[in-house]
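Here's the letter readout for the chains.
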Amino acid sequence: MSNRIGHIFAFFAPYRGQDEGHNYLRSCQGNEQTGHQVHGDNAPLTVTRRGRTDGPYHSGTARVFGNTGFGGHMRRVILPICLMLGACMPGTTADMPSRAATHTESTMPAMKRFSAPRPVPPMRSNRDIQRDFIELSFELESGRPLEYFSRFEDPISIRVTGSPPPTLIPDLNRLVHRLRTEAGIDVARVRSDTANITIEAVPRSEIRRHLPKAACFVVPNISRLSQYRKARHSRITNWSLLKKREKLAIFLPNDSSPQEVRDCLHEELAQAIGPLNDLYRLPDSVFNDDNVHTVLTGFDMLILRAYYAPELRAGMTRAQVMRRLPAILSRLNPAGDKIGPRRASSTPRAWVRNIQNALGPGARPTQRRSAAREALRIAEAVGWHDHRRAFSHFALGRLTQATDPDFAQDQFVIADQFYKRTPGTDLHRAYTASQLAAYAIAQGRGEDALMLLGPHLATAERHENAALLATLMMLRAEALELSGRVAEAQSVRLDSLGWARYGFGADWAVRAKLREISALSPLKGPNG
């Protein structure tokens, strides 16, 4: 099973009078099972769509990490801290009201949606992509090797069951169109109960009844959530035994925000038809446990196009795929033959373990900070200067914001410096800018905040991250007010609400985000 875990980082940590307990607006999800769920070291290995981890960059879902090949794969897991501001709401699932955005009864402006996708083609060597492809395709997130290459061999049909929210079908249609046109995969929506992939939309409580820390997940060889408990530890749901994929089920929440449902959809469907692994070294992919990217990127589409190249077949061994892969990538990505390899180092399991401890569920604040410091120590010892080094600083900054905001600010500045040197990290820098701008606003430095935010609104829109875009706009509104541009601030704040309805969901969640960001300003905070 594959599941996804969510980011632990809120967009920014609490400053000036903000209660960290109120910093959790979104439901966070998790990591290695096919689905969104949090995996512990002794959890069954499942393949899940990327979930939000307790990492610095996500607004809500979390991922699960597992060790066996059984069950669902969850990449989205529920984690205690989310990347975006107020990413998670405290309390149990039963206590949490629905965050599903409704088309009726809302007093907010109309929900905004993104237009045509604008994926950026991968700008890296085909030799690096060959290595990425092999490790994504022949390992599980736990590091356990897969003996065979597995995929569908016939046209792929998808049906939706359960009680889908209003935004699911339009987002699925858009994703299917992208898979057909960008990845060249023969995939289509159908109504037949013989569909290869069943997407069942159910309440979060039903998902968590089976996988308590999952937001969503995918499981081979079943079609209903009611079948999962009995099949969970059987051979039919063991991804490591799978050669040819024929039937899978994806379980998504129908009472989460539109963006959270869409993010689950992208990650779980990509793992249902493609690679099961995630690699922290990939800066521009949803196949990365940092959960920065929430929709399939240009790199992801290239990987999926190669995954379904006619030269490959289900059941091939690693060696057989490796022999054919250079010619496939030369055909699909000729520009990659002209770029020299970067040969990014592998990610030590100790660093991964400490990042998971720092950002995942179950640890006390002091334990989280200790794990984050150890992850940073490892990153420094390894000699990284890429996005993983930046991520280590970002994680430590996020976890120290409430106890030492000046130190946290320094960590965000350092993170941004490393991101700036690493190609393909524009979205990472937008998340970092939200933290830096929040700090500036809390200090009354409106002009500095405007300068920090300016380049990144377009980035959030290009990457279709409505929650991040709305947050950046709300921050901009506060910065404008601090600068005396009150009318412009009101206009920007109003314009943010349509994006916030897609990113955060129900009206109460949007208003909570507004209050959270407004409380940063010295003009409005408890001491203002």
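Residues numbered from 1 in each chain as written. Predicted model: local features only at pLDDT ≥ 70, side-chain atom pairs only at ≥ 80, totals over all residues. Heavy atoms only, no water.

## Observations concerning the overall build of the chain
And step 1. Regarding its fold elements, the chain presents 17 helices and 11 strands.
And step 2. At a minimum sequence separation of 6, the contacts of the chain that also span at least 24 residues come to 79%. (Helix = DSSP H or I, 4+ residues; strand = E, 2+ residues; numbered from the N terminus. Contact = heavy atoms within 4.5 Å.)

## Concerning the state of the cysteines
And step 1. Within the structure shown, the criterion is met by one disulfide.
And step 2. There is a disulfide in this structure between Cys 216 and Cys 264, and the S-S distance comes to 2.2 Å. One disulfide, between Cys 216 and Cys 264, carries an S-S torsion of -85° and so falls in the left-handed class. Placement of the pair is Cys 216 in strand β10 (residues 216–220) and Cys 264 in helix α5 (residues 258–273), with a sequence separation of 48 residues. No difference in accessibility class separates Cys 216 from Cys 264, as the two residues are buried. (Disulfide = S-S within 2.5 Å. Buried < 20%, exposed > 50% of the residue type's maximum accessible area, 1.4 Å probe, protein only.)

## A closer look at the confidence of the model for the chain
And step 1. Confidence in the prediction of the chain, expressed as mean pLDDT, is 84, and 80% of residues score 70 or more.
And step 2. The model gives residues 5–68 a pLDDT under 50, and that stretch makes 612 contacts with residues more than four places away or in other chains. (pLDDT = per-residue confidence, 0-100.)

## Notes on the layout of surface pockets
And step 1. Its boundaries defined by the atoms lining it, the largest pocket holds a volume of some 850 Å³.
And step 2. Elements that contribute at least two residues to the lining of the largest pocket include exactly α1 (126–137), α6 (298–307), α10 (387–400) and α12 (426–442).
And step 3. At three residues, the largest contribution of residues to the lining of the largest pocket is made by α1.
And step 4. Grouping the amino acids of the lining of the largest pocket by side-chain chemistry returns 16 nonpolar, 12 polar and 16 charged. (1 Å grid on protein atoms, 1.4 Å probe; cavity = no way out; pocket = protein on both sides within 12 Å on 5 of 7 lines; lining within 4 Å. Points joined across faces, edges and corners; volume = space filled by probe spheres on them. Nonpolar A, V, L, I, M, F, W, Y, C, P; charged D, E, K, R; others polar.)

## Considerations on helix α15 (residues 466–482)
And step 1. Taking 1.5 Å of rise per residue, 17 residues should cover 24 Å, and α15 covers 24 Å from first to last C-alpha, within 8% of that figure.
And step 2. In the stretch just after α15, Gly 484 is the one whose phi turns positive, near 85°. (Expected span 1.5 Å × (residues − 1).)

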